[in-house]
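Chain by chain, the residues run as shown.
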Amino acid sequence: MAHGPEREDTSYSGGSPTLSVRWVQGFPKQHVHFVNDNTFCYASGNYVIFIDIETKKKTVLQCINGIVGVVATNIPYEVVAFSDRKPKPLIHIYNFPGLTRRTKLKGNVLLDYTLLTFSYCGTYLASYSSLPEFELALWNWESNVILCKKSQPGVDVSQMSFNPMNWHQLCLTSPSTVSVWTIERSNQEHYFKPKLVKLPLEDGSFLNEMDVIFPQSVPKDPIYGPVLPLSAIAGLVGEEAETFRPKDDVYPLLHPTMHCWTPTSDLYVGCEEGHLLMINGDTLKATVLNKIEEEPQLEDRRNLISPVTLVYQKEGVFASGIDGVVYSFTIKDSSYKVEDFLEIERPIEHLMFSPSYKMLLIQTDKGSVYIYTFGEKPTLDKVLDACDGKFLAIDFVTPGTEHFMTLTHSGEVCVWWMEDCTCVSKIYLNTPAMVLACSPSSLCAAVGTVEGSVHFINVQDPESPQVLHKAFLSESSVQHLVYDQRGLFLLVGTSEGNVFILNAKPTSSFQIIGFTEVGKDILQISTVSLLETDIVEVLALSPLPETGRSRLEMFTLPVILPHVSATFADERGRLRDEFIHKYLYEVDHSLSSAVLDFQSNQIYGFCNQVPYICSYPLPEEEHSGVCILKPYQKVQSKQYGPGILYLSSHGLWLATIAKCGILCIRDIYSLETFARCRSHSHQGHGIQSMRISANGENILVNGTDDGTLIYLKWRHLGGNLATEIFDYSQRLLTSLISTMDEENYYLSTAPEISLDLGSEPEHTIQQDMRTSIDSSQDELVSTDVIKEIPWIQQKSQEAIKKEVNLFSEKRKEIKRGIKALAKTVLKMMEENETVDNIAKLEQCEFGLDLEELKRLNDESEEEVAKMRKDAEMYNLAKSYLAELIKEECWRSMVVKGRALKCFHIPYVVENFPMKDRTEEEQKELERVIQQKKIEAECLKDIIYKVKTAFNREFDAAYKQKVFEIARVKERNVRIQEIILDLELEEKVWQPEFEDCEMPERMLVVENEEITARKHVNPWQKAKAELITIHEMERRLQSQSTDTRHRALNDMMGGVLEVKKEDILRMVIPQPPFMTKPDAMWTEEERKEFKDYEKKVKELNEEKDKYRKSLEAELKKLQNSIQESTQNFDEHLKRLFERRVKAEMVVNQEELKINNLVFSLLLDEELSSRELFLSNYLAKQQQEKSQTSEAIRKSREDLDMYKEEYDNLLAEDKILDRSFKKEFSEIPSHQVDTLYKLFKRRPRIHKQKTHTETTSIVPFGERPGSGKLNRDNFAQLMKAMDELDNIHNMPEGLDPSVWDHFCATRRTKVENEQKVKQKAAGLMEMVAFLRKRVEEDEKVQQEIEKVFHELILLQEEKVKFQLNLTIQILLKQGQVELENFQLVLDYPDAILINKTIIEDLNSVIRTQGQKKVASMMETKEVHKGIYQIEWEHKKMEMEMEDLNQKAWDIQMLFFSRDRQKYLNEPNYESLISIQIGIMEQTIAVIDKTHKKNVENCKKLLKKLGKFSNQKDVANYSLSCNLREELVAVSERKDICNAMGSKLTCEKIVQERHENMMQQQKLTNISKQQAEEISILQAEVERLRMKTFPALVKM
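Scoring rules and cut-offs
Residues numbered from 1 in each chain as written. Predicted model: local features only at pLDDT ≥ 70, side-chain atom pairs only at ≥ 80, totals over all residues. Heavy atoms only, no water. Axes fitted to C-alpha atoms, helices over the stretch in contact; angles between N-to-C directions. Helix = DSSP H or I, 4+ residues; strand = E, 2+ residues; numbered from the N terminus. Parallel < 35°, antiparallel > 145°, perpendicular 65-115°, else oblique. Left-handed = near helix turned anticlockwise from the far one by under 90°. Nonpolar A, V, L, I, M, F, W, Y, C, P; charged D, E, K, R; others polar. Phe/Tyr/Trp six-rings, centres within 6.5 Å; stacked < 30°, edge-to-face > 60°. Buried < 20%, exposed > 50% of the residue type's maximum accessible area, 1.4 Å probe, protein only. Lys NZ or Arg CZ within 6 Å of the ring centre and 35° of its normal. Polar contact = N/O pair within 3.5 Å; in protein donor to acceptor, adjacent residues only side chain to side chain. Pairing = 2+ DSSP bridges. Patch = residues over 30% accessible without salt bridge, like charges linked within 9 Å, V, L, I, M, F, W, Y side chains within 5 Å. Areas by Shrake-Rupley, 256 points an atom, 1.4 Å probe, with all protein chains shown as cover. Salt bridge = Lys/Arg side-chain N within 4 Å of Asp/Glu carboxyl O. Lys, Arg positive; Asp, Glu negative; His and termini not counted. Charge placed at Lys NZ, Arg CZ, Asp CG, Glu CD. Expected span 1.5 Å × (residues − 1). Contact = heavy atoms within 4.5 Å.

### Overview of the packing of helix α12 (residues 1083-1217) against helix α17 (residues 1295-1362)
Line of reasoning, step 1. Here α12 crosses α17 at 160 degrees, and the two axes come no closer than 7 Å. By the angle between their axes, α12 is roughly antiparallel relative to α17. Relative to α17, the crossing made by α12 is left-handed.
Line of reasoning, step 2. A class-by-class count of the residues in the contact of α12 with α17 yields 28 nonpolar, 15 polar and 21 charged.

### Examining the packing of aromatic side chains
Line of reasoning, step 1. One pass over the structure, following the stated rule, counts 32 aromatic pairs.
Line of reasoning, step 2. Both rings, one in Y191 and one in F1328, keep their centres 5.3 Å apart while their planes meet at 25 degrees; by these two values the pair is stacked. You can see Y191 sitting in strand β18 (residues 189-196) and its partner F1328 sitting in helix α17, a full 1137 residues away along the chain.
Line of reasoning, step 3. Here Y372 and F374 contribute two aromatic rings whose centre-to-centre distance is 5.1 Å and whose plane-to-plane angle is 85 degrees, an arrangement assigned as edge-to-face.
Line of reasoning, step 4. A residue is classified by how much of its surface remains accessible, and Y372, at 11% relative accessible area, is buried.
Line of reasoning, step 5. Through a chain of ring-to-ring contacts, the aromatic side chains of W23, F27, F391, F404, W416 and Y711 assemble into a single cluster.
Line of reasoning, step 6. Stacked on the ring of Y612, the Lys or Arg K634 has its end atom at 4.5 Å from the ring centre.

### Digging into the side chain of S476
Line of reasoning, step 1. On the secondary structure map, S476 appears in the loop between β41 (466-472) and β42 (478-483).
Line of reasoning, step 2. One polar contact links S476 to S474, side chain to side chain, over a distance of 3.1 Å.

### Quick word on the sheet that holds strand β33 (residues 379-384)
Line of reasoning, step 1. The four strands lie next to each other as β30-β31-β32-β33, forming an open sheet whose pairing is antiparallel. Strand pairing shows two members of the sheet lacking a second neighbour, β30 (348-353) and β33, which therefore form its edges. Neighbour to neighbour, the strand axes of the sheet diverge by 25 degrees on average, direction disregarded.
Line of reasoning, step 2. Where β30 meets strand β31 (residues 359-364), five bridges bridge the pair, whose relative direction is antiparallel. Bridge pairing links I348 to T364 in β31.

### Observations regarding a positive patch on the surface
Line of reasoning, step 1. A surface patch of positive charge is lined by K1497, K1498, K1501, K1502 and K1505.
Line of reasoning, step 2. On the secondary structure map, K1505 appears in helix α20 (residues 1467-1538).

### A few points about helix α6 (residues 808-834)
For an α-helix, the turn length of 3.6 residues means that residues three or four places apart are oriented alike.
Line of reasoning, step 1. Under the 1.5 Å per step criterion, the end-to-end length of α6 is 40 Å for 27 residues, consistent within 8% with the ideal 39 Å.
Line of reasoning, step 2. Taken residue by residue, α6 has R811, V825 and N832 as its buried positions.

### Details of the packing of helix α14 (residues 1228-1239) against α17
Line of reasoning, step 1. Axis separation between α14 and α17 bottoms out at 10 Å; the angle between their running directions is 35 degrees. Considering only the axes of α14 and α17, their crossing is right-handed. Each of L1234, L1237 and F1238 in α14 lies in contact with α17, whose residues at this interface are V1297, W1298, F1301, T1304, R1305 and K1308.
Line of reasoning, step 2. Class assignment for the residues of the contact of α14 with α17 results in six nonpolar, one polar and two charged.

Any functional reading would require information that these geometric values do not contain.
Put into structure tokens, the structure is as follows:
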């Protein structure tokens, strides 16, 4: 049963039916905690679950505010604390086992608490919150107050624990830090004092860090000034400078994961890197423990890489990691030894000892809990067996009274006992699953998986469920599994929008009847299957997100459908819509759920956007197409968020669940809620699903994200509500009893199938991947490849195969026709190639299937366009990048960087690349030039001018080289012609610009550099072809019309006269008779031969003459080129020297600029350092004021507390001393006896702990517990009762005296206890004051250190400002060398007489002394000039001072008293006379005042008597006035009735107005009198101001 308070909406008055929580099933997502030695607890959803280890009985505590946050337990006080997850969360503290609320803590946290922990002794609770506060708070949970709190923004803490031996220490661990917080107390004030632990590096070594604020090892540079800390160089002046470190100086540290305390107040910390640290509790110094390796590790041996949890034991710790092994670390000194202690099959997340340390609790990552019990025979018990993930689906096993089933995403199916939620059995499907449904007609269940299959499980024996069958329906995931109410059909909804109908009976092997298509993303499937009908009506809801509507599809399944499925379905398995009477409906708004009522005349829907439940009546007439439904009944729901509707088995209850976590059960007709229960919270996204048993008695509710399953039980369910559903369930079970017996008998004999090992798929085919070229479709040929395919695909392939077999002859005939047609087309294409161009057809015109051809062309064009677009985008990106580079490195340069090379010598001259000055730079330069204040800008201008002057010369040289190259090219044309004429093999030297001389060529891509073929658009290609055709036509036309040009070419070679340069190619043709022998020549032929030889000789002479002239011209041209290029080289050489000099000047000026910038930067660093030290000093001074105030307050509190302690101690001594006086009436021997008894104190017998427990528990008794002190005091008082017994009374003593004695002794004992407590508090306050004094001294030392650092820094700053760096330009050869640079070998030295050197030195010395004397004289003259100027300036200032004093005296106010003081010779006697007169006047006034006082007293007595008389008269007048008022009111009524006004009232009104006017005039006169007095005072002031001053002329 659930204990603790519940919300008001879960309780109802009277006998109305209500729902209560019977049990809760959930598994821990956080750490498990012991409440006592036999019980542990954990949070699950809205509940805290307590489990008894011995009986495994569960107790539940419900959080009234929603999901439980973090949980903590206090074992000595037996309380449990947990936080809720609502905004501004609370911390609830409950007693155990009573589960009554002890208190409720409310802080200032806005969102959530992340950690809670109790102190081991005392009533202290520490809490840590998440963002935005990240606040650590210390509570006194008994008094419900926050003792102290502190925020550390941005720090996520993973673990927090008190020191078991000292509640004053608290350790916080985050993934990067370990901090120990000390809780200091002074009387009732508490304070947090955190300290960070310095962690080692990742390799376990420690880094020697330098002090960031006051570095001691910073080197001093005598030339460039002081070297400052990095924070000053970075320009940091605030708090960030105190922790600043460069990126290179930041090294990764160890990452702590878990910590545990030791009895010596030390800490063991485990790290991700595998190191184990020990931290001293006093000094907080971390030590890396060394791991002892006794033997070499085997390959399969496990290593502890990262401990997830640590728990202390004697001689070491237990640790666990993700490998599922509990390791025992035996720690000795600074080393430890690792041994395997225990192995679990799952990764371990948490370890915890029981309070007696007899048991070790082990929690796995899945949530299972194991208990390891120590002893002679250790045992390991699984107390809590967690499921593999949260519950996705739940359902009752028929008939729903004993067992139910759950499903997780990993495919884990569990069968549970309903009475106490004990897990009966489990079965693993080893595949991701989605939904679960149990059959109403048999003991089997169906599970839908992500892969699209449905697994059927036989649960006839709940202790050993078996997989009965598997149906692979489709490749889309199964999202819905719904059995109809009679268990005839199983409806399977997939993500693709298909609803498969299966025979739900196992005897039919779960026959797949067919499927129908509905909308995608099915939201819900509901059925109506009544006993008296032979049909099953199905309703499917799907969304229409594009229109914001919802679609409802309704169809009917006859009971005989399994026998006529072939008629109802087509060859592909799709049910025909006309046979199943399928109708489509739509609503104008979106629904999250919809169900069909049992009368099948209306639909109930849960609106998605608004909190309404509507009913939609269905039209009676049949329709085609889509019918729009309108809401008939509309009820507002108090639930918010998307909801789901469920109908009970008899159809009269409508259950609704929603995101708010509330379950409502309504009447189906009125839609009014008669039962309501808040089982989950909206913080866990509410309820995911729920199930109601057939008899309505059992309800299961499953949470969405909280992982909690709740069993609800009815209270006060009776009358018609219980009778109707019970009767219907009995009738339903009676009608199904025969079917269930038959199906269950089949299940008892059905074999089990294996899904993992050798499982046979339901449908397999053998298919070949080969395709037939002649066939237009794929041929199905069997091969050896076996692949499981879904049923829907198999039906499709069977239909295709059937169609192929049916139309095979037709296909063959079509193929033959296609082949003949192809041959005809090929023949036509061949004939087309032989005809003329005019008659030739295009190749595309022979395409028969133009549409297919067009489609292919379109696809290719789309692909090409896509590739072209990608290429264009790539080119665009590259072009953009190129433009950026050009803009930055080329276009922005007003002078492009280029070089010039000589023609013949290896000289290269580069210009100065320069950017154009921006407007801001130009304005800055003008401002600097005008003001002459910033030297660096002027130096930059000098550099700019030097570079500009050189660049002008460089540009002139560049133009000259361009001219020279052009001239060389021009001459090379002639040289090339001469070489050709002379038929020489010489190469012509042609100078060219290199890339360094013309860098712009690097930005231009030449055509020969492009290897890819250029893409030409169709229109560009057509344009080029058209231009080529026109050019050819123009050329043919010109050739046909230019007859003159053809004739010239034919007759004279195209020229009218022979050129001179062609003479070398002229050849005189030989006569034709020269082919005959000489003897056969005739005379004429011999003459002709002589003429031929003469012509040949003349021609050769002409050739020789012309050749010599060409050679001379060639030499002249070459010499000219050589001379001009050499001249240019000489010019460029001189330019190179000027470049060196210009660069020297530029470097010198840049050095000046760098020195100036360095000085400015160093000055800025010094200023930053000084400002930081000033800020740090102010911070320390503020801290000093705080510490001083804390000391003052602590001393005041200590003095007050000490005074109380002294008073209490004095009272205790007085009680001791006054004992004999109080009992002085009795005999002395009895007084002595009583005094001995008075001093006697009872002995308190401490409970002896068992030796076994003492040896196991490492921490022993925890000191300082407030509960322990109270228990001891109560035990002392109990022992005092024994001493006060009458049997201990001495003989002969009066009982009344004994009673008085007992009361006195008890008072003394109580006072002694108070003194002890006060003494402990006093010691604590003294220690607190001592710590504050130490802190104050430490802060004072820090302040002195800062002062010292500031003085040193100011000295360094002054020294730096005085020691200026001056740049001196020395000529080459006049640089002074150091001693070690002198050359000691002088082979070419010359000996000179010593006297010559001495004479020369004496002359130099004499001249030097003269120069020094002259300089000293000049210095003295300058010094005198400065002194005279200073005295002159001093006299000017004194003159100004005297003038100012004279003016002050002239303007001095000269009163009458001051005139009298100057004019009266006996001024002091006059003053004494006036004083005497004033004293006499004062005496007379005092005497008159006393007389006036006496007269006033007498008058006051008379007035008192007169006042009493007037009071009596007023009383009589008031009585008369009352009667007169009655008469007046009567008269007013009469007057009002008569409508006239009395004359007396008019008189009264006039008198009243006159009095008001008189009062107004009086006030005006008073104001005017005040103004007159003010004006008189102002006149007097002005008169005194203009009083004549006595000015000495």
